[in-house]
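Descriptive structure summary
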Protein chains: 2
Amino acid sequence: MNIGIYGYGNLGRGVEAAIAQNPDMQLVAVFTRRDPKTLKIETESATVVHTSDVLSWKDKIDVMILCGGSATDLPEMTPALAEHFHLVDSYDNHSSIPAHYSAVDAVARKSATTALISCGWDPGMFSLNRLYGSAILPEGNDYTFWGRGVSQGHSDAIRRISGVLDARQYTVPVEDAMNRVRSGENPVLSTRDKHLRECYVVAADGADQAEIRRQIVTMPGYFADYDTTVTFITMDEMRAQHRALPHGGSVIRTGKTGNGNNQVVEFKLTLDSNPEFTGSVLVAFARAVYRMARRGD
Amino acid sequence: MNIGIYGYGNLGRGVEAAIAQNPDMQLVAVFTRRDPKTLKIETESATVVHTSDVLSWKDKIDVMILCGGSATDLPEMTPALAEHFHLVDSYDNHSSIPAHYSAVDAVARKSATTALISCGWDPGMFSLNRLYGSAILPEGNDYTFWGRGVSQGHSDAIRRISGVLDARQYTVPVEDAMNRVRSGENPVLSTRDKHLRECYVVAADGADQAEIRRQIVTMPGYFADYDTTVTFITMDEMRAQHRALPHGGSVIRTGKTGNGNNQVVEFKLTLDSNPEFTGSVLVAFARAVYRMARRGD
């Protein structure tokens, strides 16, 4: 299988590393909006190509793996590329997946291409496990816990506060809440009951740390509904201790069968590198897309 | 969907309970080798039918769920019924699955029926998770831990010893071994490292308990390769404390991506009732078989 990577950030590099672990596929080209001459990739046999030239690779790529962001890139990229390529994307804005599906499906049907959207772990493997869980235990409850891991969206939100030079936010599941769920208790849990938010912040010299802390913990949509800790660190500490992008979490389905027997199904990920695992999932499903496309699905 | 249950032991009752939780299906008939008049079932609207009469139900049943045993029942039942019915079975003799597959596949192809074999949790959901795990993390290791739960096969083996009136065997995973696996250490584990076997035995009056214990712990294939405990109890204690059939376990895939990042995927079941959970899986996949059959798959 000849694979293309469209977009080369953390996720694109994760996909590249995963392709190297699968001998039935090879990376043939990386597409970038930057000047291709400035981009160094790991795969010697692959070519770096400007995105404006993508159509000339139409017959050389079996499956394109899209590694753009969900906020603005993928809503345009995926439908546009589905006209010409079988593809996989990792669109992760849960509430907008139906709209994204419709946009991509319309193009793929007309073009007879096979497109898989919202692949990865959440959405992706977590979604699959929610589906299996509710199909097997129809009388039950779903619980999802995320972390301990870095949330890029929350880290970015802190970085936009005036006086903040850098920030890293860890989403931390509350162990006691997880254990109550695992026991089959079926608790009703608030947002605050389920996760803590740990923030590590590098402030500019002379910045008002109390004010930065206040802005973080009261930020609506991101932190206001959580118990949040803010720790100020130096830029050296940030570089030394917070470079990795670990993540993970659990999807738990608890249900009752027969005369009230508790049944608990848990799917749990513990990931040293979120982008490398996500890339590995995208690559495994690119193989499925390749096969489905050959069958005409 | 109109469902039939073929065989009415613990698993058949678990399937019946699961059907009652799924409003898109109904149980229409239970087939038994016993005298149908002697069999009491829970579903008032369903009929109890002798197995010799099964062919007259051919047009009234969309999917047949086979609840016979793997040792002698299913190798004959499944190919025979696949000539006339779309079906699901829970054949669980792992090493003989390829032979069972061939036998059932040959009949189903000729008869244009859809048959799903070896459904349940292991084989079944555990197999699916092993497949996903190795597809996503090709450079890694698989680990399976079972329990804490009742192994019917091991309980039966103890009951065959002279002087034993009843027995219950619990398979117990070694917590320390599981934690080493979850840490990403990729340990090499012997059979003895992974599981303990706890046996509760009711001996006949005057039976030689030391000899029973010796026969259990040295039994090849069942106990000799494990650390095994044997506890003698009264028949009243057996009835009071060991009536339930809990089980569960974990499939863990550990792998490395990129420059040596550890990734751990775990699928874990904690089941109060093994037959009711297995029955719930069979019913969920009976729905899939129904849909696949309508598509002509």
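Residues numbered from 1 in each chain as written. Chains lettered and ligands numbered in written order. Predicted model: local features only at pLDDT ≥ 70, side-chain atom pairs only at ≥ 80, totals over all residues. Heavy atoms only, no water.

**Focus on the interface of chain B and chain A**
Contacts between the two partners involve 36 residues from chain B and, on the opposite side, 36 residues from chain A. Both faces combined, the contact of chain B with chain A buries some 3100 Å², and carbon together with sulfur accounts for 53% of it. Interface area lost by chain B to chain A is led by Gln21(B), Tyr132(B) and Ile136(B), which between them contribute 20%. Counting across the interface, chain B meets chain A through 0 salt bridges. Secondary-structure elements contributing two or more residues to the side of chain B that touches chain A are helix H4 (125-136), strand E12 (247-257), strand E13 (261-271) and helix H10 (274-295) of chain B. Tallying contributions element by element places E13(B) first for the side of chain B that touches chain A, with 11 residues. The pairing of strand E13 (residues 261-271) of chain A with E13(B) spans 9 bridges and is classified as antiparallel. Looking at E13(B), one finds that Gln263(A) is bridged to Leu271(B). (Contact = heavy atoms within 4.5 Å. Buried area = accessible area lost by both parts, 1.4 Å probe. Salt bridge = Lys/Arg side-chain N within 4 Å of Asp/Glu carboxyl O. Helix = DSSP H or I, 4+ residues; strand = E, 2+ residues; numbered from the N terminus. Pairing = 2+ DSSP bridges.)

**Remarks on the pattern of salt bridges**
Applying the stated criterion to the full structure yields 30 salt bridges over all chains. With its nearest N and O atoms 3.1 Å apart, the salt bridge here joins Asp122(A) to Arg130(A). One salt bridge connects Arg287(B) with Asp24(B), and the closest N-O pair in it is separated by 2.7 Å. Note that Arg287(B) is positioned in helix H10 and Asp24(B) in the loop between helix H1 (10-19) and strand E2 (26-32), a separation of 263 residues in sequence. Among the residues examined, Asp24(B) registers a relative accessible area of 33% and is labelled partly exposed. One connected set of salt bridges, linked through shared partners, spans Asp156(A), Arg159(A) and Asp166(A). (Buried < 20%, exposed > 50% of the residue type's maximum accessible area, 1.4 Å probe, protein only.)

**Comments concerning unusual backbone geometry**
Of the consecutive residues Asp122(B) and Pro123(B), the connecting peptide bond is found in the cis state with omega at 5 degrees. Examined against the element boundaries, Pro123(B) turns out to sit in the loop between strand E6 (115-116) and H4. Here the phi dihedral of Ser118(A) falls at roughly 60 degrees; this positive angle occurs in a residue that is not glycine. With respect to the secondary-structure elements, Ser118(A) resides in the loop between strand E6 (115-116) and helix H4 (125-136). Since its relative accessible area comes to 9%, Ser118(A) is described here as buried. The residue Asn186(A) is not glycine, and still its phi comes out positive at about 55 degrees. Within the secondary structure, Asn186(A) sits in the loop between helix H6 (175-182) and helix H7 (191-194).

**Brief notes about the relation of the copies chain B and chain A**
Taken as rigid bodies, chain B and chain A are interconverted by a rotation of 180 degrees and an axial shift of 0.0 Å, the fit giving an RMSD of 0.1 Å. Taken together, the rotation angle and the small translation identify this as a two-fold axis. Minimal C-alpha separation from the rotation axis in chain B is found for Phe267(B), amounting to 2.3 Å. (Least-squares fit on C-alpha atoms with pLDDT ≥ 70 in both.)

**Quick word on the sheet that holds strand E9 (residues 164-173) of chain B**
Residue and element names in this part refer to chain B. Read from one edge to the other, the open sheet built from 4 strands follows the order E8-E9-E10-E11, with strand pairing classed as mixed. Each end of this open sheet is capped by a strand with a single partner; those strands are strand E8 (149-150) and strand E11 (227-232). The sheet contact formed by strand E10 (residues 195-203) and E11 spans 6 bridges and is parallel. Bridge pairing links Leu196 to Asp227 in E11. Those strands touched by helix H8 (residues 209-217) are E9, E10 and E11, and its axis lies near 150 degrees from that of E11. (Axes fitted to C-alpha atoms, helices over the stretch in contact; angles between N-to-C directions.)

**What to know about the packing of aromatic side chains**
Tallied over the full model, the rule gives 10 aromatic pairs over all chains. Here the aromatic cluster, defined as three or more aromatic residues joined through ring pairs, consists of Tyr6(A), Phe31(A) and Trp57(A). Geometry around Trp57(B) places Lys60(B) over its ring, the cationic atom sitting 4.6 Å from the centre. In this structure, Lys194(B) packs its charged tip against the face of Phe145(B), placed 5.7 Å from the ring centre. (Phe/Tyr/Trp six-rings, centres within 6.5 Å; stacked < 30°, edge-to-face > 60°. Lys NZ or Arg CZ within 6 Å of the ring centre and 35° of its normal.)

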